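# Observations on chain architecture
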Amino acid sequence: MIRLPGLIDPHVHLREPGATHKEDFDSGTAAALAGGFTAVLAMPNTQPPLTNSASLAQAQAAAKDKARCDYGIYLGAGVDNAASAAECAPLVCGLKMYLDQTYGPLRLDELATLGDHVARWPVDRPMAVHAEGRSLAAILFLAALHARPLHVCHVSREVEITLIRAAKEKGIQVTCEVTPHHLFLTENDLPQLGEGRGEVRPRLATAADQDALWANLEVIDCFATDHAPHTLAEKDGENPPPGFPGLETALGLYLNAVHEGRMTFDDLIARTHTNPRRIFGLPDQTETFVEVDPDALWEVQATQMYTRCGWTPFEGLQLRGRVRRVTLRDRLAFADDQVLAPPGFGVNLAPVTQTENQ
Ligand SMILES: [Zn+2]
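Everything numeric here is computed off the predicted structure, so don't read it as measured data.

Conventions used here
Residues numbered from 1 in each chain as written. Predicted model: local features only at pLDDT ≥ 70, side-chain atom pairs only at ≥ 80, totals over all residues. Heavy atoms only, no water. Helix = DSSP H or I, 4+ residues; strand = E, 2+ residues; numbered from the N terminus. Rg over C-alpha atoms; globule rule 2.2 N^0.38 Å. Buried < 20%, exposed > 50% of the residue type's maximum accessible area, 1.4 Å probe, protein only. Contact = heavy atoms within 4.5 Å. Areas by Shrake-Rupley, 256 points an atom, 1.4 Å probe, with all protein chains shown as cover. Phe/Tyr/Trp six-rings, centres within 6.5 Å; stacked < 30°, edge-to-face > 60°. Lys NZ or Arg CZ within 6 Å of the ring centre and 35° of its normal. Salt bridge = Lys/Arg side-chain N within 4 Å of Asp/Glu carboxyl O. Pairing = 2+ DSSP bridges. Donors = N, O, S within 2.8 Å, 3.2 Å for Na, K, Ca; no water. Right-handed = clockwise from strand over helix to strand, strands pointing away.

## A closer look at the overall build of the protein chain
The helix and strand inventory of the protein chain stands at twelve helices and 13 strands. Expected size for 358 residues packed as a compact globule is a radius of gyration near 21 Å; at 19 Å, the protein chain falls within 12% of this value. In terms of principal-axis extent, the alpha carbons of the protein chain reach across some 50 × 50 × 45 Å. Within the protein chain, buried positions represent 60% of all 358 residues. By sequence separation, contacts in the protein chain at least 24 residues apart represent 74% of the contacts at least 6 residues apart. Accessible surface, the protein chain: about 13,800 Å² in total, of which carbon and sulfur atoms supply 49%.

## Section: the packing of aromatic side chains
Applying the stated criterion to the full structure yields five aromatic pairs. Ring plane angle 85° and centroid distance 6.1 Å describe the contact between Tyr74 and Phe280, whose orientation is recorded as edge-to-face. Residue Tyr74 is located in strand 4 (residues 70-76), and its partner Phe280 is located in the loop between helix 12 (265-279) and strand 10 (289-299); the two are separated by 206 residues in the primary sequence. Aromatic side chains Phe244 and Trp311 sit 5.9 Å apart centroid to centroid with 85° between the ring planes, which places their arrangement in the edge-to-face category. Of this pair, Phe244 sits in the loop between helix 10 (232-235) and helix 11 (250-259) while Trp311 is found in the loop between strand 10 and strand 11 (318-328), placing the two residues 67 residues apart along the sequence. No difference in accessibility class separates Phe244 from Trp311, as the two residues are buried. Positioned over the ring face of Phe289 is Arg3, at 3.6 Å from the centre of the ring.

## Quick word on the pattern of salt bridges
The full count for this structure, using the stated rule, is 21 salt bridges. Arg157 is the partner of Glu160 in a salt bridge, and the nearest nitrogen-oxygen pair spans 3.4 Å. We classify Glu160 as buried; its relative accessible area is 3%. Taking the shortest distance from any N to any O, the salt bridge between Arg165 and Glu218 comes out at 3.0 Å. Of the two residues, Arg165 is situated in helix 6 (residues 158-169) and Glu218 in the loop between helix 9 (207-215) and strand 9 (222-223); the sequence distance between them amounts to 53 residues. Three or more residues are tied together by salt bridges with common partners; here these are Glu16, Asp24, Lys66 and Arg308.

## Here's the deal with the sheet that holds strand 12 (residues 331-335)
In spatial order, the strands read 1-10-11-12-13; together these five strands make up an open sheet with antiparallel pairing. Of all the strands in the sheet, just strand 1 (2-5) and strand 13 (338-339) have a single pairing partner and so form its edges. As judged from the two bridges shared by strand 12 and strand 13, these two strands associate in the antiparallel manner. Bridge pairing in strand 13 places Ala335 opposite Gln338.

## Brief notes about the coordination of the zinc ion
Protein coordination at the zinc ion comes from His11 (NE2), His13 (NE2) and Asp226 (OD), with a distance range of 2.1 to 2.2 Å. Mapped onto the polypeptide sequence, the residues donating to the zinc ion form the spacing pattern H-x1-H-x212-D. Remark: Asp226 occurs in the loop between strand 9 and helix 10 and His11 occurs in strand 2 (residues 7-12); sequence separation between them is 215 residues. On the basis of relative accessibility, which here comes to 1%, the residue His11 falls in the buried class.

## Concerning the pairing of strand 4
Buried residues dominate strand 4, accounting for seven of its seven residues. Side chains of strand 4 alternate between two faces, with Asp70, Gly72, Tyr74 and Gly76 and Tyr71, Ile73 and Leu75 buried alike. Note: strand 3 (residues 37-42) against strand 4, four bridges, orientation parallel. By the bridge assignment, Val40 is partnered in strand 4 with Tyr71. Where strand 4 lies against strand 5 (residues 94-98), three bridges are found, and the strand directions are parallel. Counted as the bridge partner of Gly76 is Lys96 from strand 5. A crossover links strand 4 with its parallel partner strand 5, the connecting element being helix 3 (residues 82-88), and its sense is right-handed.

## Quick look at the environment of His154
Its location among the elements puts His154 in the loop between strand 7 (150-152) and helix 6. On the basis of relative accessibility, which here comes to 3%, the residue His154 falls in the buried class.

Printed below as a string of structure tokens:
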């Protein structure tokens, strides 16, 4: 048995408020613990989107009642909330800006709006962006101009990881994350996945793009699942929404990659614990760790999972390396395939002052 620090996932969608038939703070954080994650940062593209203090309060109340692991919640950058967003900064783990189309209503198109958010958001609070292709160059320039740190979500293509490498070499304060599905799946997997189930943003990329991610592992600061559950009926229906679940397969995929010699345990710990904690300024979770059996062989099966969505793009995959026990703040939170931490056990890790938990 090997002991790892509690994994931190800086990018999940827990669908609450508004779409709890897909997931909620209870099922999503149960899936997190089952996958070895002791903290998750939840995205704001809910219904309503988390763009003001009222909607944020709704999500925070649900999380406080239902979360089984620790968490933070992002504020969404909207077309008209740049001024008020900064006032909410102390309550959230960061601001999320959507520059490209994905699930939900939060896309920003106007350069003036982007500039306004970059200029007004407190420079010491994290800012995360969905920015592909040209959008990435635009937001990198704005962030550099305002000398503020930027975290780039789910980098998927060679041209993007190359741009981030170049920006880092120029001293621009940029960090980035890559998802397990972009590390372990490509567009060549689409025929087997099927049209609806294969929908994800950013899209699955080419084998050359995937090779570039692995070749630039040192440029990748975090692994983030972008856990984005939609039900099987939705994925197989008309207008399938983009998104894959990922919390319960990520660590198995990473451990398997360690076994295959594609990365080391140190690479894994840096990208799933040390770096996300530093980038998002999260407090230490004392007496918190994950015990994994690096030699356990297992087969990915959605029927064994805690996520509410009922499917996984990795169904049937054989992996080596499995989560056995998770201890969160000195409490056994997961053991023998059972989630033991009750709803409400999770605490809000952002703001650091913990005001709403007192
Ligand atoms: Zn996402």
